[in-house]
Amino acid sequence: MTDRNDKSITRRTLLRRGALGTAAVAAASAGIARAVAGSAPESTVTPLMSSHDAHSPHALDVVGDIKPGGLDPDAFLTHFEYGREAASADGRRVREYEIVATNREIEIAPGLYFPAWTYNGSVPGPTIRCTEGDRVRVRFVNGGTHPHTMHFHGVHPANMDGAMEIVQPGSAFVYEFDAEPFGVHLYHCHVPPFKRHIHKGLYGMFIIDPPTPREPAREMVMMMNGFDTNLDNDNEVYAVNSVAFHYQKHPIQIDQGELVRIYLGNMTEFDLLNSFHLHGNIFKYYRTGTTLTQYESTDTVALCQGERGVVEFRYKHTGQFMFHAHQSEFAELGWSGAFNVRPVVHA
């Protein structure tokens, strides 16, 4: 990653520039990499190009249109992908998903671009959601230029783990398992070098709802992440949901007294910990979300890479309240946002 006028952008440079809004950075990769035919290392990994020319621009058109530029932080915040619903032979519910790995340039701050590896064109990938006991079936297509997989956190058979079943460019693999246990989990690529595949953007959230639903709430997804824009193994930009300062410039609207539930995860590379701090409030934190009763009451929680949990709170007072990393440098480099708490108007 290089600036047109400065070929050595560092996190200190960005700090001096303030909120990153004026950084003019050259594009570092061409759009979507087309799939190329490859041999499958496992018998269960199948070639993608059985009915398409490997060089056809339509070879990867299996999941519909993806907006150029990757993530829309506002849409991603509240969008959950439930897949296509079907029924198994024994009558159980099956949820089917299509996930495609592609190379795609994404904008992580105004004028600042990053050559990402993506699931379905965005970083993070789509938030996969189901209910405990559902049969999950994910058809993963590797349309990128490097070997990739999908490793799901949770309980599943060894041959569905996404660590050994390497999917070569131009090939596909079907993951199928029963969703358990309920909670907030993750998925990510598990191909060495791990730090490169994760840092480049191959991760997403995997939510399994309990059989008896949680209390109704305004729900949202927040994935903490960072970006090394000059390849020095040190992040120059930090964010929640990939776009620096987005929720500071566009505060999230919530109502006074309503229950807010955040599915929070950390996939930041190169830093041992990231954190979430909420102003003007104390929240309940359910670690990994695998229990409905055991929680911590706090206003700050630290997570290592791969750690996640459920955050719940209500605001007593109205007005704007910040949320951000409680590593000050992370907050100043993009990981900062705000809630706008609106008064409830009674008829």
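Conventions we followed
Residues numbered from 1 in each chain as written. Predicted model: local features only at pLDDT ≥ 70, side-chain atom pairs only at ≥ 80, totals over all residues. Heavy atoms only, no water. Pairing = 2+ DSSP bridges. Helix = DSSP H or I, 4+ residues; strand = E, 2+ residues; numbered from the N terminus. Buried < 20%, exposed > 50% of the residue type's maximum accessible area, 1.4 Å probe, protein only.

Participant: Any chance you could break down the pairing of strand S2 (residues 84-87) for me, citing the residues and the numbers?
Facilitator: In summary, the side chains of a regular strand alternate between the two faces of the sheet. Judged from the four bridges that link them, S2 and strand S3 (residues 93-109) form a sheet pairing that is antiparallel. Residue Ala86 lies in a different strand from S3, and its bridge partner there is Val94. Adjacent in sequence and paired antiparallel, S2 and S3 are bridged by five residues, among which Gly91 carries a positive phi angle near 90°.

Participant: Break down unusual backbone geometry for me, with residues and values.
Facilitator: The step from Val123 to Pro124 runs through a cis peptide bond, and the omega angle for that step is -5°. When you line up the elements, Pro124 lands in the loop between strand S4 (112-119) and strand S5 (128-131). The amide bond that connects Pro192 to the next residue, Pro193, takes the cis arrangement and shows omega of -5°. Of note, Pro193 is situated in the loop between strand S9 (183-188) and helix H3 (194-199). Phi is positive for Asn241, which is not a glycine, with a value near 65°. With respect to the helices and strands, the residue Asn241 is situated in the loop between strand S12 (237-240) and helix H4 (246-249). For Asn241, a relative accessible area of 0% puts it in the buried group.

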